[in-house]
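Observations on chain architecture
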Amino acid sequence: MSLAFSAAASYKRKMLLPAAVGAGLMVFGFLLNRPQFFQSYLQGYLFAVAIPLGCLGVTMIHNLSGGNWGWTIRPFLEAGIKTLPAMALLFIPVALGVTSIFPWTNHELVAHDPVLLGKEAYLNVPFWLGRAAFYFALWSILSLWLLRWLLPSPTAGTLSQQHRVQRLSAGGLLLFVLSTSFAAIDWAMSIEPHWFSSIFGVIVIVGYVISAFSVATMSLILFNNTTPNPWLTSKNLHDLSKFMFMGIMLWGYMSLSQFLIIWSGNLPEETFWYYERSLGGWWWLSLFMPILQWVLPFCLLLSAKMKKKAPYVFKVGAFLLVVRALEQVWFISPSLRLGAAFPFHWMDLVAPVTLGALWAALYFSFLGGSSGVPAPAGHAHTAHEPQDQPGGKH
Amino acid sequence: MDKAVEPKIFGLIAEFTTVETLLEAAKKVRDAGYKNTDTYSPFPVEEALDCLGQHHSRIAWLILLGGITGLASAFGLQFFVAVIDYPINVGGRPLFSWPMYFPIMFELTVLLSVFTAVFGMIGLNRLPQPYHPLFNVPEFARASKDSFFIGIESTDPKFDLAGTKSFLQSLHPRGVHEVQP
C-alpha cells in the first residue's frame, strides 16, 4: 500500500510565482549592484542548499539507527535528496561571482598580507572552484547511489540488502561530514579569510539538520491535510519535534562553544570576527541570533503536549527556517559591509525567498513523482517483535 | 470494628495480548468514564496514558522547577563568588564575566533537572514499595513478558464489581482478574 502525494503539483505551482518574481527582482538587483547581488545570492544559496544536504545526512543516519521517526518522513527526505544534483546548477552564480564575494580573490590585498599569502595555496580561485565541483560530484554520486539502494519500508529487502545500504550510509556519513565541513570553510568561513574556527563546520552541519527536520516535518503535516498519513501518529510527531529540539540544542551548544573558546582565549586574530559582528546595526542581529535560534524555539518546543500538536509544530518549523536564512546573512554580510547602520540590503531578503521557492518547486515536483509513504510496519507490534527494523539488532 | 466488613477488593485488571488492543481498550475505559485507572506493559507505551486520558502528571513541572533552580543557583553562585565575595582580576577580564558562567549554568540546570526527574519519579510512584496488591494475581507476572494490562481500581467512583467486570469482559481481553488487597 502506498499513498502518493497528489497535492504536490498544486504546491509546486504555488511556488513558481514567488520564484519567478524573486528571480526578476534578483536580475534587477544584478544590474543595479553587482557585488551586492552575488553576496545576497550566496546567502540565499547557503540557506537553500542546507535543506537537501540535511535530508541526505538525516537519511544516512536513519539507515544506521532505524526508528519509525525516519520512515515517517522518508518520502520527504528522498525528494529532498533528489534535488541535490540540481543544486549544482544553482551554484553557478556563486562560482561566477567568486571575485565579487571573497576578499582573498583580491591580488592587491593578498600581496600585502603575509597571512593571506600563506593561505594562497588553499584559497585561490581555481582550487576553490575545483573543490566546489568535487563536493557536488561527491554529493550527487552519494545521493544517486543511496537512492538506488534505499529500501522502501522497514520490512522490505533481504538482510544483505539492508546491510549494504547501512554500509553505504556509514561510509557516506564520514564523507558527508568531511565534505560539508570543507564546503562550510570555503563558502562561508573564507568570507573572512584571516579567521579560523574548527567548530564552524559542525555549526553549519547542525543548521542542515535543523533545516531538514523542519522541512520534512512541515511536509508531513502539510500533506496529511489532503492524504491522511498512517505514519503521522502523536508518538512519531513527538519524536520529530524532539529532533527539531535536539537541533536547536546542538546549535546552541556548538555556537556557544565557539564563542566561549574565542572569548576566553581573547586573541585578536580570532576575536575580530565577533567584533565585526558587534559594529553598527550588526550588534542587534548578533544579539537576536541566540534569542531567535535558541531561547525562543527552546521555550516553544519545551512542552511535550505542544510537541504533538501538528499545526503548532508546523509554525515552529517555518519559524526555524526563517532563522536559518537569517543566520546565513549573519555569517556573510557583517564581514563585507562592516559596521553598516542598517544590516540588511533588500536583496538579502529576496535571495533566500527566491532560492527557497525555486528549491521548493523542485522538491514538490519530485515529491509528486514519488511512490508515497511506505506501508506501516506489520499490523500489530507485540513484546515479541520490536518494530524498529531494520538496523535494530543482528 | 463492630460489624464484619468484607475485605475491600483492590480492583480489576484485564489482560490483553497486543499494544493495539490495549490502546483500543484504554480509550473505551476512558470513554466509559473511569478515572482511577492504569496500564501495565512489558515496555513503555507512551500513548497509553493519552488513551486513558490521564496525562496530568506533575513530574514535567517539577523538572522545569528543578532546572530553573539549577540555572539560578549556578548564576548566583558564580556572581556572588566572582563579583562580591572574592573579586580577582583574571587576565584583565571584567569581574562580571558572564560568558564563562554558561558552562556551569548549563551543567547545574541539567543536573538538577535530572535529579528531579529521577527522584521525583520515584517519589510520585511511591517507591520503594515492597508489597502491591497486583502481586496477588499470578497472571500479572506476564506484564514483565508479553501481556498488557488495564487496571480499574475500586476507589473509582464508577467502580462496581459485577458491572465493571462485565464491562471489561466486553473489551475482549484474554482474561479479567480480581485483585485482592
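This one's a predicted model, so the numbers in the text were calculated from it and none came from an experiment. (Residues numbered from 1 in each chain as written. Chains lettered and ligands numbered in written order. Predicted model: local features only at pLDDT ≥ 70, side-chain atom pairs only at ≥ 80, totals over all residues. Heavy atoms only, no water.)

1. Observations concerning the overall build of chain A
Per the secondary structure count, chain A includes 17 helices and zero strands. In terms of C-alpha radius of gyration, chain A reaches 21 Å, essentially the compact-globule figure of 21 Å for 394 residues. Summarising its shape, the C-alpha atoms of chain A cover approximately 70 × 45 × 40 Å along the three principal directions. Within chain A, the fraction of its 394 residues that count as buried is 53%. Accessible surface, chain A: about 16,600 Å² in total, of which carbon and sulfur atoms supply 72%. Positive and negative charge centroids in chain A, built from 22 and 14 side chains respectively, lie 18 Å apart. (Helix = DSSP H or I, 4+ residues; strand = E, 2+ residues; numbered from the N terminus. Rg over C-alpha atoms; globule rule 2.2 N^0.38 Å. Buried < 20%, exposed > 50% of the residue type's maximum accessible area, 1.4 Å probe, protein only. Areas by Shrake-Rupley, 256 points an atom, 1.4 Å probe, with all protein chains shown as cover. Lys, Arg positive; Asp, Glu negative; His and termini not counted. Charge placed at Lys NZ, Arg CZ, Asp CG, Glu CD.)

2. A closer look at the overall build of chain B
When helices and strands are tallied, chain B shows five helices and four strands. Going residue by residue from the N terminus, the α and β elements of chain B occur as β-α-β-α-α-α-β-α-β. Taking 2.2 N^0.38 as the reference for a compact globule, 181 residues should give roughly 16 Å; the C-alpha atoms of chain B span a radius of gyration of 25 Å, well beyond that estimate. Seen through its principal axes, chain B has C-alpha atoms that stretch 80 × 45 × 30 Å. The buried share of chain B, reckoned over its 181 residues, is 33%. When the accessible surface of chain B is totalled, it reaches about 11,100 Å², and 65% of it is carbon and sulfur. A gap of 2 Å separates the mean positions of the 14 positive and 18 negative side-chain charges of chain B.

3. Details of helix α1 (residues 8-32) of chain A
Here α1(A) contains 25 residues, and its C-alpha end-to-end distance of 36 Å stays within 8% of the 36 Å for a straight helix at 1.5 Å per residue. If you follow the buried residues of α1(A), they end up packed against α2 (34-65), α11 (200-224) and α17 (346-369) of chain A. (Expected span 1.5 Å × (residues − 1). Contact = heavy atoms within 4.5 Å.)

4. Topic: the environment of Ser154(B)
All names here are of chain B. In this fold, serine 154 is placed in the loop between β3 (148-153) and α5 (161-169). For serine 154, a relative accessible area of 10% corresponds to the buried category. Considering only alpha carbons, one finds serine 154 and phenylalanine 75, 79 residues apart in sequence, at a separation of 49 Å. If sequence neighbours within four positions are ignored, serine 154 has contacts with Lys8, Ile9, Phe10, Gly11 and Phe159.

5. A few points about the nonpolar core
Residues and elements named next belong to chain A. Judged by nonpolar contacts, the single largest core of 114 residues is most densely connected at Tyr45, Phe76, Trp139, Trp187, Phe200, Phe223 and Leu367. In terms of residue count, the dominant contributor to this core is α11 (17 residues). Discounting chain neighbours no more than four positions away, the residues touching leucine 367 are Phe5, Ala8, Pro75, Phe76, Ala79 and Phe223. (Core = buried A, V, L, I, M, F, W, Y, C linked by side-chain atoms within 4.5 Å.)

6. Describing the packing of helix α13 (residues 268-276) of chain A against helix α16 (residues 310-336) of chain A
Two quantities define a packed helix pair, namely the angle between the helix axes and the distance between the axes. All names here are of chain A. Look at α13 against α16: their axes get within 9 Å of each other, and the N-to-C directions meet at 95°. By the angle between their directions, the pair α13 and α16 is classed as roughly perpendicular. Contacts between α13 and α16 involve Trp273, Tyr274 and Glu276 on the former and, on the latter, Trp330, Phe331, Pro334 and Ser335. Classifying every residue of the contact of α13 with α16 gives five nonpolar, one polar and one charged. (Axes fitted to C-alpha atoms, helices over the stretch in contact; angles between N-to-C directions. Parallel < 35°, antiparallel > 145°, perpendicular 65-115°, else oblique. Nonpolar A, V, L, I, M, F, W, Y, C, P; charged D, E, K, R; others polar.)

7. Considering the environment of Thr72(A)
Residue and element names in this part refer to chain A. For threonine 72, the location among the structural elements is in helix α3 (residues 68-82). Taking the C-alpha atoms as reference points, threonine 72 and leucine 90, 18 residues apart in sequence, are found 29 Å from one another. In terms of polar contacts, threonine 72 uses its side chain to reach the side chain of asparagine 236, at 3.2 Å. (Polar contact = N/O pair within 3.5 Å; in protein donor to acceptor, adjacent residues only side chain to side chain.)

8. Considering the interface of chain A and chain B
Think of interface size as the accessible area that goes away when the parts come together; that is how it is often given. The interface of chain A with chain B comprises 19 residues on the first partner and 20 residues on the second. In total, about 1,600 Å² of surface goes out of reach between chain A and chain B, with carbon and sulfur atoms giving 68% of it. Here chain A and chain B share zero salt bridges between them. Remark: the boundary between chain A and chain B carries one residue pair in polar contact (both at pLDDT 80 or more). The residue makeup of the side of chain A that touches chain B, split by class, is eight nonpolar, nine polar and two charged. (Buried area = accessible area lost by both parts, 1.4 Å probe. Salt bridge = Lys/Arg side-chain N within 4 Å of Asp/Glu carboxyl O.)

9. Re a nonpolar patch on the surface
The grouping of Tyr253(A), Phe106(B), Val110(B), Leu111(B), Val114(B), Phe115(B), Val118(B) and Phe119(B) at the surface amounts to a nonpolar patch, some 720 Å² of accessible area in total. For the nonpolar patch, the leading source of residues is helix α4 (residues 102-124) of chain B, giving seven residues. Position of Leu111(B) among the secondary structure elements: in helix α4. Judged by relative accessible area, Leu111(B) falls into the partly exposed class, the value being 39%. (Patch = residues over 30% accessible without salt bridge, like charges linked within 9 Å, V, L, I, M, F, W, Y side chains within 5 Å.)

10. Side note on the packing of α11(A) against α17(A)
All names here are of chain A. Remark: α11 packs on α17, axes separated minimally by 13 Å, with the N-to-C direction vectors making an angle of 55°. Considering their axes alone, α11 and α17 lie oblique with respect to each other. Between α11 and α17 lies a crossing of right-handed hand. Here α11 contributes Val215, Ser219, Leu222 and Phe223 to the contact with α17, which in turn contributes Trp359, Tyr363, Phe364 and Leu367. (Left-handed = near helix turned anticlockwise from the far one by under 90°.)

11. A short note on the side chain of Arg74(A)
Residues and elements named next belong to chain A. Structurally, the position occupied by arginine 74 is in helix α3. Despite its burial, arginine 74 pairs with no opposite charge, the nearest such side chain being glutamate 78 at 4.2 Å. A distance of 3.4 Å separates a polar atom in the side chain of arginine 74 from the backbone oxygen of leucine 151. Beyond its immediate stretch of four places on either side in the chain, arginine 74 contacts Thr59, His62, Asn63, Leu150 and Leu151.

12. A word on the confidence of the model for chain B
Residues and elements named next belong to chain B. Averaged over chain B, the pLDDT score is 89; the fraction of residues at 70 or greater is 94%. The weakest mean pLDDT in chain B belongs to helix α2 (residues 47-52) at 81; the strongest belongs to helix α3 (residues 59-85) at 95. Prediction confidence for the complex, expressed as pTM and ipTM, is 0.85 and 0.74 respectively. (pLDDT = per-residue confidence, 0-100.)

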